[in-house]
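Residues per chain are reported as follows:
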Amino acid sequence: LCELYASGALRAVAASLPVNARFPPSQRLLDRVSLYQGDITKVEVDSIVNAAKRSLLGGGGVDGAIHQAAGPKLVEECETLDGCETGDAKITAGYNLPSKHVIHTVGPVYSRSRAEQCAHLLASCYRRSLQIASQHSLKHIAFPSISTGIYGYPVPDATHIALKETRKFLDSEDSDNFDRVIFVVFSDEDMDVYQELVPLYFPPD
Ligand code: AR6
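Residues numbered from 1 in each chain as written. Predicted model: local features only at pLDDT ≥ 70, side-chain atom pairs only at ≥ 80, totals over all residues. Heavy atoms only, no water.

Naming follows an unreviewed UniProt entry, where the protein appears as Macro domain-containing protein of Cerrena zonata.

Structure below.
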């Protein structure tokens, strides 16, 4: 986990930007958020989030990678869950993954004509995943960029939603025993977007 605590670099970026009026500065909150570029299946934390499909029975992208790394017991447990609605989330064990749990959430398939509805559903994915982690007394959660791959959500819009919901959660009492939210990005482009936007939602003191 130490490797993930790369918030030093993040702090340097944050310090160079003007403080955003919408979210009051808080070094304490900034210290509870990390960015990590790499494969989420290698991340050793209490929970990783899977960008799943409604059946919860596996698919491509990060879903395929998580099922492959977790082994067949994951799909066996998923079969008992009766699927998951878009915007909701369900938890399983992590099996062969280094992460103890997987929180499976189903993001919206992006459509520009239904952008507002998609935004509500994506926000709900982050909210429900964070709620479930906190209800299970988990200390950390690692998110991939939900819906921005096969489901086509524009990365900047999705990142604003991810960061806003995380800030709201970390501001709330529900997160009192929570250590850290880690955003796991795959590509350099996604990393650039997160590096630019994190300081807007987590300005340092
Ligand atoms: N670690 C971290 N991020 C990853 C990894 C990985 N190993 N692999 C991909 N990503 P996607 P979606 C990134 O397509 O858009 C599946 O078939 C990827 O670069 O996995 O929510 C499901 O079954 C992108 O930034 O998820 C659903 O049917 C992000 O993860 C559908 O795809 C999400 O991309 C869900 O589509």
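**Focus on the site of the ligand**
Neighbouring residues of the ligand: 21 residues in total, closest G60, V62, D63, S147 and I150. I40 places a polar main-chain atom, nitrogen or oxygen, 2.9 Å from a nitrogen atom of the ligand. At 2.8 Å, a backbone N or O of I150 approaches an oxygen atom of the ligand. For the ligand, whose free accessible area comes to 700 Å², the fraction covered by protein is 90%. Taken together, the residues of the shell around the ligand break down into nine nonpolar, eight polar and four charged. (Near = heavy atom within 4 Å. Polar contact = N/O pair within 3.5 Å; in protein donor to acceptor, adjacent residues only side chain to side chain. Areas by Shrake-Rupley, 256 points an atom, 1.4 Å probe, with all protein chains shown as cover. Nonpolar A, V, L, I, M, F, W, Y, C, P; charged D, E, K, R; others polar.)

**Re the packing of helix α5 (residues 115-135) against helix α6 (residues 155-171)**
Where α5 meets α6, the axes come as close as 9 Å, and the angle between the chain directions of the two elements is 35°. Crossing handedness for the pair α5 and α6: right-handed. Side by side, α5 and α6 meet where A119, L122, A123, Y126, R127, L130 and S134 of the first sit next to A158, I161, A162, E165, T166 and F169 of the second. (Axes fitted to C-alpha atoms, helices over the stretch in contact; angles between N-to-C directions. Helix = DSSP H or I, 4+ residues; strand = E, 2+ residues; numbered from the N terminus. Left-handed = near helix turned anticlockwise from the far one by under 90°. Contact = heavy atoms within 4.5 Å.)

**A few points about the side chain of T148**
Residue placement: T148 occurs in the loop between β5 (140-143) and α6. A polar contact of 2.8 Å, which involves the side chain of T148, links it to the backbone oxygen of S145. In contact with T148, other than residues within four places in its own chain, are Y153, V155 and A158.

**Observations regarding the sheet that holds strand β4 (residues 101-106)**
Taken in spatial order, the six strands make up an open sheet running β1-β6-β5-β2-β4-β3, and their pairing is mixed. The sheet terminates laterally at β1 (33-37) and β3 (89-93), the two strands that pair on one side only. Recorded for the sheet is a direction-independent mean angle of 25° between the axes of neighbouring strands. Where strand β2 (residues 47-52) meets β5, two bridges bridge the pair, whose relative direction is parallel. The residue bridging S47 from the neighbouring strand is I141, located in β5. Sheet contacts for helix α3 (residues 61-70): β2 and β4; angle to β2, the most-contacted strand, approximately 130°. (Pairing = 2+ DSSP bridges.)

**Describing the packing of aromatic side chains**
Counted by the stated rule, this structure contains five aromatic pairs. Ring centres of F169 and F178 lie 5.2 Å apart, and the angle between their planes is 90°; this geometry places the pair in the edge-to-face category. Its relative accessible area of 8% is what places F169 among the buried residues. A residue is classified by how much of its surface remains accessible, and F178, at 4% relative accessible area, is buried. (Phe/Tyr/Trp six-rings, centres within 6.5 Å; stacked < 30°, edge-to-face > 60°. Buried < 20%, exposed > 50% of the residue type's maximum accessible area, 1.4 Å probe, protein only.)

**Quick look at the environment of A69**
Residue placement: A69 occurs in helix α3. The sequence separation of A69 and I141 amounts to 72 residues, and the corresponding C-alpha distance is 18 Å. Contacts of A69, omitting those with residues within four sequence positions, involve T41, N96 and L97.

**Here we look at the pattern of salt bridges**
Under the defined criterion, the tally for this structure stands at seven salt bridges. Between D171 and R167 there is a salt bridge; the shortest N-O distance is 2.9 Å. One end of the pair is D171 and the other is R167, both in helix α6 and four residues apart, which spans about a single turn. Exposure remark for D171: the relative accessible area of 44% places this residue in the partly exposed category. By sharing partners, the salt bridges in this structure join R127, E165 and K168 into a single network. (Salt bridge = Lys/Arg side-chain N within 4 Å of Asp/Glu carboxyl O.)

**Some remarks on the side chain of S129**
Note that S129 resides in helix α5. Looking at S129, the relative accessible area reads 0%, which means it is buried. Non-local contacts of S129, meaning those with residues more than four positions away in its chain, are made with V49, A89, I103, T105, I141 and F143.

**Section: the environment of P154**
Inspection of the secondary structure puts P154 in the loop between β5 and α6. Residues P154 and Y110, spaced 44 residues apart in sequence, show a C-alpha to C-alpha distance of 8.1 Å.

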